[in-house]
Amino acid sequence: MKYGKNHRRSLALLLALFIAAALLFSSFFVFTHLKHDCTGKGCSVCTEIGTCIRTIHLLSDAIGWGAAGILVCICVKNLGKPYAAGLYLCPASLVRLKVRLNH
Ligand SMILES: [Zn+2]
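Scope of this entry: the structure provided in the associated data block. (Residues numbered from 1 in each chain as written. Predicted model: local features only at pLDDT ≥ 70, side-chain atom pairs only at ≥ 80, totals over all residues.)

### Some points on the overall build of the protein
Within the protein one finds 2 helices and 0 strands. For the protein, the spread of C-alpha atoms along the three principal axes comes to 100 × 30 × 20 Å. Burial analysis of the protein (103 residues in total) assigns 2% to the buried set. (Helix = DSSP H or I, 4+ residues; strand = E, 2+ residues; numbered from the N terminus. Buried ≥ 20, exposed ≤ 12 C-beta atoms within 10 Å, placed from the backbone.)

Set out below in structure tokens:
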């Protein structure tokens, strides 16, 4: 049980590192090769720059939607707890608790 949780955490950390590295190296390549001796149509550097920009857009969109999804899940889970707890509580009344009211 604990091994599986640590394994998932390690995989998540590794995936996050790969995504961060892809974003970092793609951005670095675009910035360093933006001014190059372009050969015109069919330039391999321009093709690579286009690939890097598409990768950055794809990962940025995925991270944005993932973060929004996680935020919604956390909000729904935390807001749903009081309502779910209220469903299982029996209403307490003096009659139900069999409290005798004496003067
Ligand atoms: Zn070029």
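### Digging into helix H2 (residues 44–88)
The first and last C-alpha atoms of H2 sit 65 Å apart over 45 residues, in line with the 66 Å expected at 1.5 Å per residue. When the local axis directions of H2 are compared, the greatest deviation, roughly 35°, occurs at Lys81, which is followed within four positions by the proline Pro82. (Expected span 1.5 Å × (residues − 1). Bend = angle between axes of the 7 residues up to and from the residue.)

### A closer look at unusual backbone geometry
Glycine aside, the phi torsion of most residues is negative, and most peptide linkages are trans. We note that Lys98 has phi near 60°; this positive angle belongs to a residue other than glycine. Along the polypeptide, Lys98 turns up in the segment after H2.

### With respect to the environment of Val72
Looking at the secondary structure, you find Val72 in helix H2. Since 10 C-beta atoms lie within 10 Å of it, Val72 is described here as exposed.

### Considerations on the environment of Val30
By secondary structure assignment, the location of Val30 is in helix H1 (residues 2–32). When the C-alpha atoms of Val30 and Gly64 are compared, they prove to be 21 Å apart, with 34 residues separating the residues in sequence.

### A short note on the environment of Ala85
By the secondary structure assignment, Ala85 is in helix H2. On the basis of neighbour count, Ala85 is assigned to the exposed category, with 9 C-beta atoms found within 10 Å. Sequence spacing of Ala85 and His33 is 52 residues, and the spatial spacing of their C-alpha atoms is 58 Å.

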